[in-house]
Amino acid sequence: MTREHSKTFYLGSRCFPGRQRAAVWAVYAACREGDDIADGGGPDVDARLGDWWSRVQGAFAGRPGEHPTDRALAWAAREYPIPLGAFAELHEGLRMDLRGHSYASMDDLTLYCRRVAGVVGFMIAPISGYEGGEATLDKALRLGQAMQLTNILRDVGEDLSLGRVYLPAEVLDRYGLCRADLERGVVTPEYCAMLRDLTAQARAWYAEGRAGIPLLRGRARLAVATAARAYEGILDDLEAAGYDNFNRRAYVSGRRKLMMLPQAWWELRSFSA
């Protein structure tokens, strides 16, 4: 599931040692199942999301169902101090998706990014092991938020085709834009200015999150640094395309991702030196 649904995350996860890697994949698969339910919609989506949350709680209580993801998550929660509260926040974030995809302010969008992605940092850090207590967890949160904002900026056109707009109304208004402007799919100077500033916000969150990577233990540092570099590379491609996220999807090629491994390793060495 990890390899199929997130090649970028999967590349980083390969750097974890075996048992940690298995736990990271279990966490990712459980999160992905919940996300797929929320994205899929349908008349029974509330019931299916409720069932997913019950299954997660059962796994943490040591009573997993027969589904492989449930059993894998139960094992991971037994082996590592993964907080159930992080999954509870994710559940609330997925419920936000069910209530709609419009956000009034940047604070609203920041909360959404926290709940659906930032809290994944709270799940991965205990698997990695870390120093620095709550301050390190705050940085892990920022890194997850940066990745989610990157997804949103990459997928504006794709989300529009599904009837979704994640860009906050107050931000659109600040640049003299509205939903109708987005639906025209024209990359105007005002749109570029907005994307430029939102990209800068994502990069600021990456910088905050990256400062916590050296506080992780062992090979987890390289795993997270590689994933962070690859995700931020999506912003590089978006910028290079003149912020056209209506007609193309920004991406990082497999070759570029592989080149980021030694770059991430060197960056970590330089930091520790």
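Residues numbered from 1 in each chain as written. Predicted model: local features only at pLDDT ≥ 70, side-chain atom pairs only at ≥ 80, totals over all residues. Heavy atoms only, no water.

Undergrad: What am I meant to see in the overall build of the protein chain here?
TA: A count of helices and strands for the protein chain gives 15 helices and 0 strands. In summary, the protein chain has a C-alpha radius of gyration of 19 Å against a globular reference of 19 Å for 273 residues, a match within 12%. Here the C-alpha coordinates of the protein chain stretch approximately 55 × 50 × 30 Å along the principal axes. Sequence separation of at least 24 residues holds for 70% of the intrachain contacts in the protein chain that already meet a minimum separation of 6. (Helix = DSSP H or I, 4+ residues; strand = E, 2+ residues; numbered from the N terminus. Rg over C-alpha atoms; globule rule 2.2 N^0.38 Å. Contact = heavy atoms within 4.5 Å.)

Undergrad: Teacher, can you tell me more about unusual backbone geometry here?
TA: Most peptide bonds adopt trans geometry, and most residues besides glycine take a negative phi value. One non-glycine residue with positive phi stands out, namely Tyr243, at about 65°. With respect to the secondary-structure elements, Tyr243 resides in the loop between α14 (220-240) and α15 (254-272).

Undergrad: Just to check I follow, could you spell out the packing of helix α13 (residues 189-210) against α14 for this structure?
TA: Two packed helices can be described by the angle between their axes and the distance between those axes. Where α13 contacts α14, the axes come no closer than 11 Å and their chain directions differ by 165°. Taken together, α13 and α14 sit at an angle that is classed as roughly antiparallel. For the pair α13 and α14, the sense of crossing is left-handed. Of the residues in α14, those in contact with Leu195, Thr199, Ala202, Arg203, Tyr206 and Arg210 of α13 are Ala228, Tyr231, Glu232, Leu235, Asp236, Leu238 and Glu239. Taken together, the residues that form the contact of α13 with α14 break down as 7 nonpolar, 1 polar and 5 charged. (Axes fitted to C-alpha atoms, helices over the stretch in contact; angles between N-to-C directions. Parallel < 35°, antiparallel > 145°, perpendicular 65-115°, else oblique. Left-handed = near helix turned anticlockwise from the far one by under 90°. Nonpolar A, V, L, I, M, F, W, Y, C, P; charged D, E, K, R; others polar.)

Undergrad: In this structure, what is going on with the nonpolar core? I would like to understand it.
TA: Where a protein is soluble and globular, its nonpolar side chains tend to be buried together. Val27, Trp52, Phe87, Leu109, Met123, Leu167 and Met194 are the most contacted members of the largest nonpolar core, which totals 83 residues. Examining the composition of this core, we find that 10 residues originate from one element, α14, more than from any other. Contacts of Met123, omitting those with residues within four sequence positions, involve Val27, Cys31, Ile82, Ala86, Phe87 and Leu90. (Core = buried A, V, L, I, M, F, W, Y, C linked by side-chain atoms within 4.5 Å. Buried < 20%, exposed > 50% of the residue type's maximum accessible area, 1.4 Å probe, protein only.)

Undergrad: I'm lost on the pattern of salt bridges in this one. Help?
TA: Should their charged atoms come close, side chains of opposite charge can pair. For the structure shown, the criterion picks out 19 salt bridges. Across the salt bridge formed by Asp155 and Arg249, the nearest N and O atoms sit 3.4 Å from each other. Of this pair, Asp155 sits in the loop between α9 (133-154) and α10 (156-161) while Arg249 sits in the loop between α14 and α15, placing them 94 residues apart in sequence. (Salt bridge = Lys/Arg side-chain N within 4 Å of Asp/Glu carboxyl O.)

Undergrad: Where do I start with a negative patch on the surface in this structure?
TA: Residues Asp107, Asp108, Glu170 and Asp173 make up a contiguous surface patch of negative charge. Along the chain, the position of Asp107 falls in helix α7 (residues 106-118). The class for Asp107 is exposed, based on a relative accessible area of 62%. (Patch = residues over 30% accessible without salt bridge, like charges linked within 9 Å, V, L, I, M, F, W, Y side chains within 5 Å. Areas by Shrake-Rupley, 256 points an atom, 1.4 Å probe, with all protein chains shown as cover. Lys, Arg positive; Asp, Glu negative; His and termini not counted. Charge placed at Lys NZ, Arg CZ, Asp CG, Glu CD.)

Undergrad: I would appreciate a short explanation of the side chain of Asp70 in the present structure.
TA: Note on placement: Asp70 falls in helix α5 (residues 68-79). Take Asp70: its relative accessible area is 7%, and that puts it in the buried class. Look past the residues within four positions of Asp70 in its chain and what remains in contact with it is Arg55, Ala59, Pro64 and Gly65.

Undergrad: What is the right way to look at the environment of Leu238 in this model?
TA: Within the secondary structure layout, Leu238 lies in helix α14. Accessibility expressed as a relative area gives 2% for Leu238, which makes it buried. Residues Leu238 and Trp75 lie 163 residues apart in sequence; the distance between their C-alpha atoms is 39 Å.

Undergrad: Teacher, can you tell me more about the packing of helix α6 (residues 84-99) against α7 here?
TA: The N-to-C vectors of α6 and α7 enclose an angle of 130°; their axes lie 7 Å apart at closest approach. In terms of their interaxial angle, α6 and α7 are classed as oblique. With respect to the hand of their crossing, α6 and α7 are arranged in left-handed fashion. Packed against α6, whose contacting residues are Glu89, Leu90, Glu92, Gly93, Leu94, Met96 and Asp97, the element α7 presents Asp108, Tyr112, Arg114, Arg115 and Val116 at the interface. Each residue belonging to the contact of α6 with α7 can be placed in one class, and the counts come to 5 nonpolar, 1 polar and 6 charged.

Undergrad: Could you clarify how one ought to interpret the packing of aromatic side chains in this entry?
TA: Aromatic rings in a pair are described by how distant their centres are and how their planes are angled relative to each other. Scanning the model with the defined rule gives 7 aromatic pairs in all. With centroids separated by 5.6 Å and ring planes inclined at 65°, the aromatic side chains of Phe60 and Phe87 adopt a geometry described as edge-to-face. Highlighted residues: Phe60 in helix α4 (residues 45-60) and Phe87 in helix α6, separated in sequence by 27 residues. With 5.3 Å between their ring centres and 40° between their planes, Tyr103 and Tyr112 make a pair best called tilted. Members of the aromatic cluster, each reached through a chain of ring pairs, are Tyr103, Tyr112 and Tyr166. (Phe/Tyr/Trp six-rings, centres within 6.5 Å; stacked < 30°, edge-to-face > 60°.)

Undergrad: How should the environment of Leu182 be read in this particular structure?
TA: Within the secondary structure layout, Leu182 lies in helix α12 (residues 179-184). Along the sequence, Leu182 and Phe246 sit 64 residues apart, while their C-alpha atoms lie 8.5 Å from each other. When neighbours within four sequence positions are excluded, Leu182 is seen to be in contact with Leu160, Val165, Leu167, Leu172, Tyr191 and Phe246.

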